[in-house]
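Descriptive analysis of the structure
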Amino acid sequence: MALTREQLEQLVARLGAAFRARGMEPQRRSLAIFWLALHRGLLERRRDRLLDVRWSEQHVIEWMETLRLPPFEHALEVQARGSGCSTCPTAPGQVSSRRTELVFDGGARLRCDGCGRRWLELDP
């Protein structure tokens, strides 16, 4: 069933009222965020208008560190591509314990599986 945005907004409003009447506050709050994104035209029409928002305070800080935005511009060390963990250097013939956590426009954020240290490798 393909609904217009207005039809879906009406259904969401009705469901929100039902959640409120039943005291289902966590579900109502999540649905309110979905409604807001739908109403503002932030959901793409692809497939089922999926809204997948998993932001948290920690997630915001990690992105601030990764993009080197104040006041977190020095939180993560920048290393040369392929350099590996400076705390846990890999002996010749051993496999590095580094893992790519995130690739973004401009570089990558890596983590050492051995010590948990994180660093950036930026594109030239």
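One structure accompanies this document, and this report is about it. (Residues numbered from 1 in each chain as written. Predicted model: local features only at pLDDT ≥ 70, side-chain atom pairs only at ≥ 80, totals over all residues. Heavy atoms only, no water.)

Here we come to the pattern of salt bridges. In this structure the tally under the stated criterion is 13 salt bridges. For the salt bridge of Glu 121 with Arg 81, the shortest nitrogen-to-oxygen distance reads 4.0 Å. On the criterion of sequence distance, the pair formed by Glu 121 in strand S4 (residues 118-122) and Arg 81 in the loop between strand S1 (77-78) and strand S2 (98-104) is long-range, its members being 40 residues apart. Taking relative accessible area as the criterion, Glu 121 reaches 3% and is therefore assigned buried. Take Arg 81: its relative accessible area is 47%, and that puts it in the partly exposed class. (Salt bridge = Lys/Arg side-chain N within 4 Å of Asp/Glu carboxyl O. Helix = DSSP H or I, 4+ residues; strand = E, 2+ residues; numbered from the N terminus. Buried < 20%, exposed > 50% of the residue type's maximum accessible area, 1.4 Å probe, protein only.)

Under the defined criterion, the tally for this structure stands at zero disulfides. No disulfide involves Cys 85; its nearest neighbouring cysteine sulfur is the one of Cys 115, lying 3.7 Å away. With no disulfide of its own, Cys 112 lies closest to Cys 85 among cysteine sulfurs, the gap being 3.7 Å. The exposure class of Cys 112 is buried, given its relative accessible area of 1%. (Disulfide = S-S within 2.5 Å.)

Right, let's talk about the environment of Trp 119 for a bit. Position of Trp 119 among the secondary structure elements: in strand S4. Residue Trp 119 is classed as buried on the basis of its relative accessible area, which comes to 0%. Residues Trp 119 and Ser 83 lie 36 residues apart in sequence; the distance between their C-alpha atoms is 10 Å. Not counting residues within four places of it along the chain, the set of residues in contact with Trp 119 comprises Glu 77, Gln 79, Gly 84, Cys 85, Arg 98, Ala 108, Arg 109, Leu 110, Arg 111 and Cys 112. (Contact = heavy atoms within 4.5 Å.)

Looking now at unusual backbone geometry. One can expect most non-glycine residues to show negative phi and most peptide bonds to be in trans. The amide bond that connects Pro 70 to the next residue, Pro 71, takes the cis arrangement and shows omega of 5°. For Pro 71, the position within the fold is in the loop between helix H3 (57-66) and S1. A positive phi is found at Arg 68, a non-glycine position, where the angle reads about 55°. Locating Arg 68 in the fold gives a position in the loop between H3 and S1.

Let us now look at helix H1 (residues 5-21). Taking 1.5 Å as the rise per residue, H1 with 17 residues should run 24 Å; its terminal C-alpha atoms sit 24 Å apart, in good agreement. Within H1, the full set of buried residues consists of Leu 8, Glu 9, Val 12, Gly 16 and Phe 19. Take H1 and look down its axis: the buried residues cluster within an arc of 100°, on one side only. Turned more than 90 degrees away from the buried face of H1 sit Gln 10, Arg 14 and Ala 21, all of them exposed. Buried residues along H1 sit in contact with helix H2 (25-39). (Expected span 1.5 Å × (residues − 1). Arc of directions from axis to C-beta.)

Purely spatial values, then, with no claim about function.
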